[in-house]
Amino acid sequence: MAGSGQERARHWQYAELPGVDLLRARYVEKIFVRHTHENFVIAAITEGVEVFHHGGADQYAGPGSLALVNPDTAHTGRAGVPEGWRYGAVYPSPDMVAGIAAETTTLRGTPGFARPVLDDPYAAELVHQVLRAAEEGNALAADTLLRVAVTRLLRLNGGPLPQRPVRTAGGRLAARARGVLEERMTEPPTLEGLAAELGTSPFALLRAFRDTYGMPPHTWLTDARVRRARRLLDAGSAPAEAAVAVGFTDQPHLNRHFTRIVGVPPGAYQRERKNVQDVGGRPLVPSGAWQIRQLSQTYAVKKAENPTAPSSGTLSGSGSPSDCPVSPSG
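The rules behind the values
- Residues numbered from 1 in each chain as written.
- Predicted model: local features only at pLDDT ≥ 70, side-chain atom pairs only at ≥ 80, totals over all residues.
- Heavy atoms only, no water.
- Buried < 20%, exposed > 50% of the residue type's maximum accessible area, 1.4 Å probe, protein only.
- Helix = DSSP H or I, 4+ residues; strand = E, 2+ residues; numbered from the N terminus.
- Pairing = 2+ DSSP bridges.
- Phe/Tyr/Trp six-rings, centres within 6.5 Å; stacked < 30°, edge-to-face > 60°.
- Core = buried A, V, L, I, M, F, W, Y, C linked by side-chain atoms within 4.5 Å.
- Salt bridge = Lys/Arg side-chain N within 4 Å of Asp/Glu carboxyl O.

Take the pairing of strand β5 (residues 41-48) next. Along any regular strand the residues' side chains alternate between the sheet's two faces. When you tally the buried positions in β5, you get 7 out of 8 residues, the bulk of the element. Of the pairings in the sheet, the one linking β5 to strand β8 (residues 65-69) comprises 4 bridges and is antiparallel in character. Bridge pairing in β8 places V41 opposite V69. Summarising the sheet, β5 and strand β10 (residues 85-91) pair through 6 bridges and their orientation is antiparallel.

With that settled, consider the packing of aromatic side chains. Evaluated as defined, the whole model comprises 8 aromatic pairs. Aromatic side chains W85 and Y87 sit 5.9 Å apart centroid to centroid with 25° between the ring planes, which places their arrangement in the stacked category. Note on accessibility: W85 and Y87 belong to one class, buried. Geometrically, the ring pair formed by F209 and W220 is edge-to-face, given 6.1 Å between the ring centres and 75° between the ring planes. Note that F209 is positioned in helix α6 (residues 202-213) and W220 in helix α7 (residues 217-234), a separation of 11 residues in sequence. Each member of the pair, F209 as well as W220, carries the same accessibility label: buried.

Another point: the nonpolar core. In this structure, Y87 and W220 are the most contacted members of the largest nonpolar core, which totals 48 residues. Membership of the second largest hydrophobic core comes to 36 residues, among which are I100, L118, A141 and A142.

Attention now goes to the pattern of salt bridges. Enumeration over the complete set of coordinates arrives at 15 salt bridges. Among the salt bridges present, the one from R86 reaches E47, with a minimum N-O distance of 3.1 Å. A residue pair is termed long-range when its members are at least 10 positions apart, and R86 in strand β10 and E47 in strand β5 qualify at 39 residues. For R86, a relative accessible area of 16% gives the class buried. Residue D72 is joined to R227 by a salt bridge in which the shortest nitrogen-to-oxygen separation is 2.8 Å. One end of the pair, D72, is in the loop between β8 and β9 (75-79); the other, R227, is in helix α7, and 155 residues separate them in sequence. Judged by relative accessible area, D72 falls into the partly exposed class, the value being 32%. Taken together, the shared-partner salt bridges in this structure form one network comprising D21, R230, D234 and R273.

Quick look at the structure:
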């Protein structure tokens, strides 16, 4: 795991879960700048509190709750208490979530999460079991548990994703500006130059872009550069080569922004990607190392204290046998 002192993180993939990123981390002073993900974020908090700005307000996620972010949704991240926060996260692709939704729910349109925080220790434990199964090389359990977790979260907190307002004049302007920045990522124009190309004023462009994509153009460009650098690193490019290819001045420039968005340096990120099938070549994190309590037992105690109250947001029928946790070792 990358990190030093109190902060440690591992960002990796498991070959049997293609297209799904996995993360275990503990952060104390870490601050994630405003950024987006191409995949869904399903982060289960085990210790402390994470605060993330989402939808115009700060959201708070503590132990037993999940931070849920839809694809291409701008958000930040930081500690909400002095001791920081510890969590495990899975990042399934939009195609995977859409396929699960079509098979197991009645959601229509493009599926997503309705609320950014869900208090559900049951689902949080499912996420941690996915990670343990991946670490132990149990492909059947990892795939099964991930699908069960996504199904439960969609049933408790699912809804159709809103469509971006690209039909408005501001939305069309922002989309054109984004297209220019994507094409000229290594040598982007100034805000004034970009506005002149598009026949508008700098502040009108700034407002339109922020309203459409949740961040100003320069922040979006940094985020897009990191995304492209990740693809290059996954394809085998050296970090120094990737840095220049996406428009950063050098590798330290990439390192700084990459770590502030992804959570680990590009070198550590790439090493884990190269080792996705090298299960026996490095020590695995013990299954119990990231469990600060038996969530299933805690949940059972809560139910015993108040047997008529379902978990937060539970819908009728969501506790069916198909939602039950499965032991990765069994």
